[in-house]
Amino acid sequence: MSESLTKGGTIAAIATAIVPQQGSVGIVRVSGSAALKIAETLFRAPGRQIWESHRILYGHIRCPKTQELVDEALLLIMKAPRSFTREDVVEFHCHGGIMAVQQVLQLCLEHGARLAQPGEFSLRAFLNGRLDLTQAESIADLVGAKSAAAAQSALAGLQGKLAAPIRKLRTTCLDVLAEIEARIDFEEDLPPLDEAKTSWEINHILAELSTILATADRGELLRTGLKVAIVGRPNVGKSSLLNAWSRSDRAIVTDLPGTTRDVVESQLVVGGIPVQVLDTAGIRETEDKVEKIGVERSRAAAKQADLVLLTIDAESGWTEEDSEIYEQVKHRQLIIIINKIDLVKTIPELPFSSEVHPIVAAAAAFDRGIEDLETAILDAVSGENLQAANSDLAINQRQAAALTKAKISLEQCTDTMSNKLPLDFWTIDLRGAIQALGEVTGEEVTESVLDRIFSRFCIGK
Ligand SMILES: Nc1nc2c(c(=O)[nH]1)N(C=O)[C@@H](CNc1ccc(C(=O)N[C@@H](CCC(=O)O)C(=O)O)cc1)CN2
Ligand SMILES: Nc1nc2c(ncn2[C@@H]2O[C@H](COP(=O)(O)OP(=O)(O)OP(=O)(O)O)[C@@H](O)[C@H]2O)c(=O)[nH]1
Ligand SMILES: [Mg+2]
């Protein structure tokens with residue numbers, strides 16, 4: 001995409017989803033200096049409708065060459081700079097399905113637009129100063145959000161709730177830098193540097209950075225979610241657990257061991273975190289060709305999961321087979337589910353304590369133990385950092401990396417100061433921090449970074 005950073009022109013794309021389940025309306029979005037011209041060429045509005053910014057016109061889209069009707073549609077005009085990209089933007093609001101939008105897009109491409117790259121509308125919004133980088137990243141997060149909490153956090157970012165404090169910290173760094181540089185340039189004319197104040201300011205910035213960095217773990221969880229695999233021997237109630245948890249009949253449950261043959265997935269939300277649950281085939285030695293493959297898939301699912309729920313049967317207690325499965329998963333983040341506790345008076349002994357692995361007692365067939373399970377999961381994944389993050393904000397890995405760089409530079413700066421090194425050295429560290437903070441919001445950013453960020457967007461965003 002890097003060419004497009006310098007490449008101008010008018011861009012067009014379908015802005016709505018192109019999926020088998022069609023929406024009832026589809027939008028073709030056009031941005032750039034030819035946008036209005038394209039609208040005038042393709043769109044006819046009957047009666048006395050006014051072609052003004054931020055108005056919707058009703059009319060018909062026709063092929064200019066053949067005058068063939070393509071769609072009955074609405075046209076939205078947003079003139080520069082009052083648009084998402086700050087360029088002239090027009091949107092054709094067509095009937096849903098792929099035919100109308102594809103034909104309209106094709107007509108736009110034939111009359112002065114080129115196909116937009118992924119994220120190119122948002123890139124223009126960034127390059128034209130409507131959004132900073134954190135806001136642009138939040139748009140991608142918002143579109144991809146799989147839980148209300150994830151969407152909430154992305155929206156906070158879009159409102160500039162991350163950019164604002166970062167900019168403030170950067171400004172403070174720039175002020176401190178100016179104070180020091182003045183001492184270097186005009187040493188004789190100025191009172192000496194107030195070192196206590198400078199040091200206080202840098203420590204204050206460091207504390208703020210730590211607070212923001214503490215939101216990274218939550219950000220990672222909200223964005224990527226958790227993958228949880230339910231594993232165990234056949235018939236212990238793994239599928240029943242998935243069904244009880246997802247309040248559905250997603251997986252087949254029977255009293256026959258070896259019922260589940262393939263991995264069954266279900267998407268849930270636990271404490272705001274998107275969770276993908278994998279119910280797997282019971283693990284055992286088997287000669288059955290299909291079941292064998294299923295067992296292999298269970299092992300693979302356990303390997304790729306962030307968290308494994310090793311499920312055992314309360315009635316039979318911990319068995320030799322459970323030990324064998326345990327050996328394969330014990331190095332993973334593990335929760336032990338003792339299922340079917342309705343059948344026993346006392347919970348069976350396990351070969352380890354609940355300090356080694358959290359233990360949850362459940363009776364999946366009676367929807368019991370789900371709350372405890374969710375609490376155990378949240379405890380398992382949430383370090384103190386998750387609690388420390390008492391805001392909606394949740395930074396991503398790129399932002400965390402840049403902020404960590406800033407933090408290291410400032411820590412070096414405090415070392416330089418306490419070691420009484422010359423002022424020139426202080427400015428080197430400060431500049432490093434300023435540069436890193438600028439990378440977060442995009443004041444200082446390279447094309448390759450922009451490329452990496454925006455190419456992850458979908459086309460039309
Ligand atoms: N149809 C449609 N829906 C959409 C978008 C879009 O581009 N098209 N958006 C895009 O992703 C989001 C909304 N974002 C937008 C942000 C700014 C402006 C805009 O025109 N701002 C002007 C107008 C404000 C005014 O009236 O003064 C401005 O700020 O100058 C439009 C959409 C979500 N919904
Ligand atoms: N009493 C009791 N029975 C349960 C409970 N959970 C599951 N069952 C029963 O145990 C049997 C096996 O349940 P499944 O959920 O199919 O077990 P599974 O672990 O998925 O079995 P496979 O797919 O064969 O590996 C079914 O008859 C369930 O009704 C429970 O909490 N209590
Ligand atoms: Mg099953």
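Here is what the cut-offs are and how they apply
Residues numbered from 1 in each chain as written. Chains lettered and ligands numbered in written order. Predicted model: local features only at pLDDT ≥ 70, side-chain atom pairs only at ≥ 80, totals over all residues. Heavy atoms only, no water. UniProt positions renumbered as here; feature names shortened; annotations may be inferred. 1 Å grid on protein atoms, 1.4 Å probe; cavity = no way out; pocket = protein on both sides within 12 Å on 5 of 7 lines; lining within 4 Å. Helix = DSSP H or I, 4+ residues; strand = E, 2+ residues; numbered from the N terminus. Contact = heavy atoms within 4.5 Å. Buried < 20%, exposed > 50% of the residue type's maximum accessible area, 1.4 Å probe, protein only. Near = heavy atom within 4 Å. Polar contact = N/O pair within 3.5 Å; in protein donor to acceptor, adjacent residues only side chain to side chain. Areas by Shrake-Rupley, 256 points an atom, 1.4 Å probe, with all protein chains shown as cover. Donors = N, O, S within 2.8 Å, 3.2 Å for Na, K, Ca; no water. Points joined across faces, edges and corners; volume = space filled by probe spheres on them. Nonpolar A, V, L, I, M, F, W, Y, C, P; charged D, E, K, R; others polar. Pairing = 2+ DSSP bridges. Axes fitted to C-alpha atoms, helices over the stretch in contact; angles between N-to-C directions.

Identification of the protein chain as tRNA modification GTPase MnmE from Microcoleus asticus IPMA8 is taken from an unreviewed UniProt entry. Database annotation for the protein chain, UniProt heading Subunit (unreviewed entry): "Homodimer. Heterotetramer of two MnmE and two MnmG subunits." According to its UniProt record, the protein chain has this under Subcellular location (unreviewed entry): "Cytoplasm".

Caption draft 1: Highlighting the UniProt feature "binding site: K(+)" (unreviewed entry) in the protein chain. Annotation from UniProt places "binding site: K(+)" (unreviewed entry) at N235, T254, L256 and T259. Spatial clustering of the annotated residues is evident: they stretch over 25 residues in sequence, but the largest pairwise C-alpha distance comes to 8.2 Å. The subset of these annotated residues that lines the second largest pocket comprises N235, T254, L256 and T259. In this fold, N235 is placed in the loop between β8 (226–232) and α10 (238–246). Contact partners of N235, with chain neighbours within four places excluded, come to T254, D255, L256, P257 and K340. Here T254 is to be found in the loop between α10 and β9 (264–270). Overall, the relative accessible area of 35% leaves T254 in the partly exposed class. When near neighbours in sequence (up to four residues on either side) are disregarded, T254 contacts N235 and T259.

Caption draft 2: Examining the site of ligand 2 more closely. Around ligand 2 lies a shell of 24 residues, among which K238, S240, G258, T260 and D342 are the nearest. The separation between an oxygen atom of ligand 2 and a polar side-chain atom of S240 is 2.6 Å. Contact distances for ligand 2 include 2.8 Å between an oxygen atom and a backbone N or O atom of T259. Burial of ligand 2 by the surrounding chains reaches 88%, relative to a free accessible area of 650 Å².

Caption draft 3: Summary view of the side chain of S239. Here S239 is to be found in helix α10. Overall, S239 belongs to the buried group, its relative accessible area being 8%. A distance of 2.6 Å separates a polar atom in the side chain of S239 from a polar atom in the side chain of D279. Residues within four places of S239 in sequence aside, it is in contact with A251, I252, V253, T260 and D279.

Caption draft 4: Geometry of the coordination of the magnesium ion (ligand 3). Taken together, the protein donors to the magnesium ion (ligand 3) comprise S239 (OG) and T260 (OG1), at separations of 2.0 Å. On the criterion of sequence distance, the pair formed by S239 in helix α10 and T260 in the loop between α10 and β9 is long-range, its members being 21 residues apart. One exposure class covers both S239 and T260, and it is buried.

Caption draft 5: Summary view of the layout of surface pockets. One number sums up the size of the largest pocket: a volume of about 580 Å³. E137, D141, R223, N396 and R456 are the residues nearest the centre of the largest pocket, which is lined by 30 residues in total. Within the residue set of the lining of the largest pocket, elements represented by two or more residues are α5 (133–144), α6 (148–158), α9 (216–224), α15 (397–418) and α17 (447–454). It is α5 that contributes the most residues to the lining of the largest pocket, 6 residues altogether. Counted as a void, the second largest pocket has a volume near 310 Å³. Lining the second largest pocket are 25 residues, and of these N235, G237, S240, V253 and T254 lie nearest its centre. Ranked by the residues each element gives to the lining of the second largest pocket, the list is headed by α10, at 3 residues. Of the residues belonging to the lining of the second largest pocket, the class tally is 10 nonpolar, 11 polar and 4 charged.

Caption draft 6: Examining the sheet that holds strand β11 (residues 307–313) more closely. Ordered in space as β9-β10-β8-β11-β12-β13, the 6 strands form an open sheet in which the pairing is mixed. The open sheet has two free edges, formed respectively by β9 and β13 (359–361), since each of these has just one partner strand. Recorded for the sheet is a direction-independent mean angle of 25° between the axes of neighbouring strands. The strands touched by helix α12 (residues 320–329) within the sheet are β8, β11 and β12 (334–339), with β11 carrying the most contacts at an inclination of about 175°.

Caption draft 7: Looking closely at the pairing of β8. The buried fraction of β8 amounts to 6 of the 7 residues, a majority that puts the element mostly inside the structure. Two strands pair when backbone bridges link them, and β8 and strand β10 (residues 273–279) are joined in this way by 5 bridges, in the parallel orientation. By the bridge assignment, A229 is partnered in β10 with L278. When β8 meets β11, the two strands line up parallel, connected through 5 bridges. If you follow V231 over to β11, its bridge partner there is L310.

Caption draft 8: Representation of the sheet that holds strand β5 (residues 69–78) in the model. Pairing within the open sheet is mixed, and its 7 strands lie in the order β3-β4-β5-β6-β2-β1-β7. The two strands at the open ends of the sheet, each matched to only one other strand, are β3 (43–44) and β7 (113–115). For strand β1 (residues 10–14) and β7, the ladder comprises 3 bridges, and the chain directions are parallel. Bridge pairing in β7 places T10 opposite A113. Lying on the sheet, helix α4 (residues 120–127) is in contact with β1, β2 (25–31) and β7; it crosses β1 at an angle near 140°.

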